[in-house]
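# Structure at a glance
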Amino acid sequence: MKPGHKFLFGAVLIVGSVGLLMFQGVKETGVYFLTPTELASKASADPTFHNVGVKMGARVVPGSVVRDAATQTVDFKVTDGTQVYPVTYRGLVPDTFTDASDIEVVVEGRLGADGVFHATDVLAKCGSRYEATPEAPAA
Amino acid sequence: MTLLGQFSLWVALLIGVFGAVLSFSGKWQDRPDLERTVIRSSYALAAALLVASLSLWKGLFSHDFNIEYVAAYTSRNLPTYYIVSAFWAGQKGSLLFWAVVLACFSAVAQWITSRRYADLLPYVAGVTNIVVVFFVTVMLFAANPFARLAFIPEDGRGLNPQLQNIGMVMHPPMLYLGYISVTIPFAFAIAALLRRRLDSGWIVAIRKWTLVSWVFLSIGIVLGMWWAYVELGWGGYWAWDPVENASFLPWLTMTAFLHSVMIQEKRGMLKRWNLSLIVATFLLSIFGTFITRSGVIASVHSFTQSNVGYFFLGFLLVAGVLSFTMLYTRWDELEPDAKLESMLSREAAFLFNNLALVGIAFSVLWGTLFPILSEAVRGSKITVGPPFFNRVNVPLGLFLLALTGIGPLIAWRKATARNLQRQFVLPVSFGLVVTLALVIDGMRDLYPIMTIGLGAFVLGTVVQEFYRGIRARRRMHGESIPGAFFNLIARNRRRYGGYIVHVGILLMFIAFTGMAFRVDQEATLKPGESIEMRSPYGGTYKLTHLGVSQYNALNRVVSAATVQVDYNGKSLGVMKSEKRQHVDSFGRPTFEPSTEVGIRSDLKEDLYIVYAGSVNGTEEAVYRFTINPLVWWVWFAGMVLVVGGILTMWPGGGGIAETRRTQAGYEATLVGAENA
């Protein structure tokens, strides 16, 4: 075998294993990223969809946040305007997670058969976080 | 002042377009006066944008809150150095920053590039002008930093507290300097294609520039990791977030380029590959800016969505299509001068290194874009996170680490059994001994064992090189050991600087393994209560909550929680973590409260304390404690990497003559060693 061919063989081996690793990686670690409405339609179409790990992107319903500092549990509701889901999460929420205004959150976890979303991770993204809009002085 | 700034942007636009049109018309090729005009358009562009930048800074420093940008990112009580950094803290300002820095870089490139490449320079000016024009266009038509508000707020919003950190003052400009300076090598590559001067001349002309970009990008990435670690409070430094990935992508392709370019210099191979890599690096750096600044991909870091994204997307498409079309039409002129002769050769090792780096880049790009791709193809958004990236990249990273040891030592063209034996017996044995020691010691985690074992092998190769070089110098010049050490590096900066970079890389790899052993615990403690945590090394921490105190500081209200730390019964002192509520000069709260973590760092591990808040306003506090092994080594490795990179590019250490001397020195070393 010529060196050029040998190299080609090695190259195919590397490219192939990268491809395989990526394919398996997506298959085994990929999670759905859904809005509450999409989650509702998937869960009603397929009851086994409960307890599948998903990410849900939505807004926190203002005023719905209930914190229990002693057990480090946070309960709140999220919505995309049509579908509302209660979420329960045990752990520390990020600084940007407040119920002062309707902030965007991404919750990762699973929808239980009880209709409550059990989150294992909460990410908060505040639209005004780095792009603050100045407000007119109050008259 | 905004009028002046606005006016300068328009002037810059006109100069840029004029210079670019003249450059690409090619009319200057037999008109020296026009050639000078093209070059001067580069200088004029830099001057116009400097005026624009100064007027933005003037607005920031004079608290002209009628300017939207000034009101959005500063406040009266913001410390001065953060006002400086507010220039690039927001989208609009960072676009101006991009444009002005690129214009200055291109002026410097015109100024310092040797006359030998004079026939490339007008085209270089044309390419850089076009890129600057793109940024100026975005500013003028979509994100104007000089836009005024319809009213005058009495105070600005202030800078986001998470950006009020010295790492964050330096991180974006470093990253941007890296992104931006890539444009210069790209411009030379395009100029070479346009001029059909496809020897390796353009590569020699830009070697320093690629190293400069690489060093800036490396500093930017490491600072970003450090900022995430001390400021974001989740306890890690790398989350495979889209914005982090975006900075990693051009770094990968540039690293590949820095290696494969050596093969072109020495053997005249890989010409097409090198051109493709430099084009890809440029596109990825624009892509990085696009990801960071457009919010197309949901990221915790990214800015709100805006139509700036469409400009970037359009520019990426046009630049990509034009560059690769040009490459395609010159394909036949880029015939390699030599062929691969053996799999056991430096060429082959470098080729595999390039494949692995590009493979990593591809998988990272794929994973970053996967939510968009899956939505387009299958109709539902699927995201991949750290498990995906680690799964794909850890094996590839280990393969690369092994090549880091093999590449620099294996012979060019075809390695003989003698070469292999001479170079590898000791380092491989050292790697095996270390691996065995770890296993005997009871470590059972495959990847960490492999990382440390391979790291030991690479370290062995570098130490062996330094040892041989020092010995040869001592024999030939009778120098002392430290003298020989310094002269060795000073006389062969490229080679030994490169080895130092490799040491940085292997240390970084080993430091990363520490995260596999991290320990995490959350606790709610009343004053006086304590918990115990076991360190992965076997010791025990006792953490006692002392209390929470509140006070006012410069531009914030602080609640500080203090913890007494004992390790194996010995006191290590008191640590604190804060919750900060930033306020404006009227005492009104700005932004959400932010957390200031407490970190105690030593060579073995970091103790990382996050105070998450109090229970109903009492002094009962909620904490998260994390033990992160080997984090100090990440920062140290970053510094080694950067020092090595700077040594490699230090003026005087390059050039063709220097390369010849290096080779001669190497042969002398060989002879010296053979006689031993």
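Note that the structure is a prediction, hence the values are computed from the model and not measured.

Once that is clear, we can look at the overall build of chain A. Each helix and strand in chain A was counted, giving two helices and seven strands. For chain A, the α and β elements follow one another from N to C terminus as α-β-α-β-β-β-β-β-β. Of the contacts made within chain A by residues no fewer than 6 positions apart, 44% connect residues no fewer than 24 positions apart.

Looking only at helices and strands, chain B features 20 helices and ten strands. On C-alpha atoms alone, chain B measures out to a radius of gyration of 27 Å, which is about the 26 Å that the 2.2 N^0.38 rule sets for 676 residues. For chain B, the spread of C-alpha atoms along the three principal axes comes to 75 × 70 × 60 Å. Here chain B holds 676 residues, and the buried ones make up 53% of them. The contacts in chain B between residues at least 6 apart in sequence include a share of 73% that link residues at least 24 apart.

Next up on the list: the sheet that holds strand β8 (residues 598–601) of chain B. Residues and elements named next belong to chain B. Strands sit in the order β2-β10-β9-β8 across an open sheet of four strands; the sheet is antiparallel. Here the strands that pair on one side only, and so sit at the sheet edges, are β2 (519–525) and β8. The mean angle between the axes of side-by-side strands here comes to 15°, regardless of whether they run parallel or antiparallel. Judged from the four bridges that link them, β8 and strand β9 (residues 605–614) form a sheet pairing that is antiparallel. Of the residues in β9, the one forming a bridge with Gly 598 is Ile 609.

A few words now on the sheet that holds strand β7 (residues 594–596) of chain B. Residues and elements named next belong to chain B. Spatially, β3-β4-β5-β6-β7 is the arrangement adopted by the five strands of the open sheet, whose pairing is antiparallel. At either margin of the open sheet sits one strand with a lone partner, and together these are β3 (530–534) and β7. On average, each strand axis in the sheet is inclined to that of its neighbour by 30°, with strand direction left out of account. Bridge count between strand β5 (residues 556–567) and strand β6 (residues 570–582): twelve bridges; the pairing is antiparallel. From the neighbouring strand, Ser 559 faces β6, where its bridge partner is Lys 579.

With that settled, consider the interface of chain A and chain B. In this complex, chain A contributes 40 residues to the contact, which on the side of chain B involves 57 residues. For the side of chain A that touches chain B, the leading source of residues is helix α1 (residues 3–29) of chain A, giving 14 residues. Across the side of chain A that touches chain B, the residue classes tally to 22 nonpolar, twelve polar and six charged. Where strand β1 (residues 31–34) of chain A lies against strand β1 (residues 381–383) of chain B, three bridges are found, and the strand directions are antiparallel. Bridge pairing in β1(B) links A:Tyr32 to B:Ile382.

The end-to-end C-alpha distance of helix α5 (residues 91–112) of chain B, which contains 22 residues, comes to 31 Å, matching closely the 32 Å that a straight helix rising 1.5 Å per residue would cover. Counted residue by residue, α5(B) has 18 buried out of 22 residues, so it is predominantly covered.

We now examine the pairing of β6(B). Residues and elements named next belong to chain B. Turn length for the β5-β6 hairpin, with the two strands adjacent in sequence and antiparallel, is two residues, and the turn residue Asn 568 shows positive phi of about 50°. Across three bridges, the pairing between β6 and β7 is antiparallel. Counted as the bridge partner of Arg 580 is Ser 594 from β7.

This next bit is on the environment of B:Ile219. Residue and element names in this part refer to chain B. One can find Ile 219 in helix α9 (residues 201–232). Spatially, the C-alpha atoms of Ile 219 and Met 639 are 8.3 Å apart, while their sequence positions differ by 420 residues. If sequence neighbours within four positions are ignored, Ile 219 has contacts with Met 174 and Val 642.

Let us look at the confidence of the model for chain A. Residues and elements named next belong to chain A. Across chain A, the average pLDDT comes to 80, with 86% of residues at 70 or higher. Within chain A, strand β5 (residues 84–90) carries the highest mean pLDDT (92), whereas strand β3 (residues 66–68) carries the lowest (83). A low-confidence stretch, residues 127–134 (pLDDT under 50), is modelled with 22 contacts involving residues beyond four sequence positions or located in other chains.

Here the focus is the packing of helix α14 (residues 386–406) of chain B against helix α18 (residues 493–513) of chain B. Residues and elements named next belong to chain B. In contact at an axis separation of 11 Å, α14 and α18 are set at 145° when each is read in the N-to-C sense. As α14 packs across α18, the resulting crossing turns out to be left-handed. Counted together, Gly 397, Leu 401 and Thr 404 of α14 and His 502, Ile 505, Leu 506 and Phe 509 of α18 form the full contact between these two elements. Of the residues in the contact of α14 with α18, the class split is four nonpolar, three polar and no charged.

The next thing to look at is the packing of α5(B) against helix α6 (residues 121–141) of chain B. All names here are of chain B. It is the contact of α5 with α6, at a shortest axis distance of 9 Å, that shows an interaxial angle of 170°. It follows that α5 is roughly antiparallel to α6 by the angle criterion. Touching Lys 92, Leu 95, Leu 96, Trp 98, Ala 99, Leu 102, Ala 103, Ser 106, Ala 109 and Gln 110 of α5 are Leu 121, Val 124, Ala 125, Thr 128, Val 131, Val 132, Phe 135, Val 136, Val 138 and Met 139, all from α6. A breakdown of the residues in the contact of α5 with α6 according to their chemical character gives 16 nonpolar, three polar and one charged.

What follows is about the nonpolar core. All names here are of chain B. With 236 residues, the main nonpolar core has Ala 99, Val 124, Phe 188, Ala 189, Ala 191 and Ile 609 as its most contacted residues. Per element, the largest residue contribution to this core is 22 residues, and it comes from α9. When near neighbours in sequence (up to four residues on either side) are disregarded, Ile 609 contacts Val 563, Met 575, Ser 577, Val 597, Gly 598, Tyr 623 and Phe 625.

Residue and element names in this part refer to chain B. The pLDDT averaged across chain B works out to 88; a share of 94% of its residues lies at or above 70. Segment residues 300–304: pLDDT under 50, and 17 contacts once partners within four positions in sequence are set aside and those in other chains are kept. Across the assembled chains, the prediction reports ipTM 0.83 with pTM 0.90.

As a further point, take the pairing of strand β10 (residues 621–629) of chain B. Residues and elements named next belong to chain B. In terms of burial, β10 is a largely internal element, nine of the nine residues being buried. Where burial is concerned, the two faces of β10 agree: the one with Ala 621, Tyr 623, Phe 625, Ile 627 and Pro 629 and the one with Val 622, Arg 624, Thr 626 and Asn 628 are both buried. Where β2 meets β10, seven bridges bridge the pair, whose relative direction is antiparallel. When the bridges of β10 are listed, Ala 523 appears paired with Tyr 623. Bridge analysis of β9 against β10 gives nine bridges, and the strand direction is antiparallel. When the bridges of β10 are listed, Ser 614 appears paired with Ala 621.

Right, let's talk about unusual backbone geometry for a bit. Residues and elements named next belong to chain B. Although it is not a glycine, Asn 568 sits at a positive phi angle of roughly 50°. Among the secondary structure elements, Asn 568 is positioned in the loop between β5 and β6. Even without a glycine there, the phi angle at Leu 630 is positive, about 65°. By the C-beta count within 10 Å, which is 23 here, Leu 630 ends up buried.

Relative to the helices and strands, B:Val308 resides in helix α12 (residues 308–329). Residue B:Val308 is classed as buried on the basis of its C-beta count, with 23 C-beta atoms lying within 10 Å.

Looking at the secondary structure, you find B:Leu355 in helix α13 (residues 346–378). Expressed as a C-alpha distance, the spacing of B:Leu355 and B:Ala256, which sit 99 residues apart in the sequence, is 8.2 Å. Leave out the neighbours within four places in its chain, and B:Leu355 touches A:Ala11 and A:Ile14.

This part takes up helix α15 (residues 417–440) of chain B. Residue and element names in this part refer to chain B. Under the 1.5 Å per step criterion, the end-to-end length of α15 is 32 Å for 24 residues, consistent within 8% with the ideal 34 Å. Residue Phe 424 marks the point of greatest curvature in α15, where the axis turns by about 45°; the proline Pro 427 follows within four residues. Here α15 has its buried residues at Gln 423, Phe 424, Pro 427 and Gly 431. On its buried face, α15 is in contact with α14 and α16 (446–477). Gly 442 sits one or two residues past α15 and shows a positive phi near 105°.

Cut-offs and rules
- Residues numbered from 1 in each chain as written.
- Chains lettered and ligands numbered in written order.
- Predicted model: local features only at pLDDT ≥ 70, side-chain atom pairs only at ≥ 80, totals over all residues.
- Helix = DSSP H or I, 4+ residues; strand = E, 2+ residues; numbered from the N terminus.
- Contact = placed C-beta atoms within 7 Å.
- Rg over C-alpha atoms; globule rule 2.2 N^0.38 Å.
- Buried ≥ 20, exposed ≤ 12 C-beta atoms within 10 Å, placed from the backbone.
- Pairing = 2+ DSSP bridges.
- Axes fitted to C-alpha atoms, helices over the stretch in contact; angles between N-to-C directions.
- Nonpolar A, V, L, I, M, F, W, Y, C, P; charged D, E, K, R; others polar.
- Expected span 1.5 Å × (residues − 1).
- pLDDT = per-residue confidence, 0-100.
- Left-handed = near helix turned anticlockwise from the far one by under 90°.
- Parallel < 35°, antiparallel > 145°, perpendicular 65-115°, else oblique.
- Core = buried A, V, L, I, M, F, W, Y, C linked by C-beta atoms within 7 Å.
- Bend = angle between axes of the 7 residues up to and from the residue.

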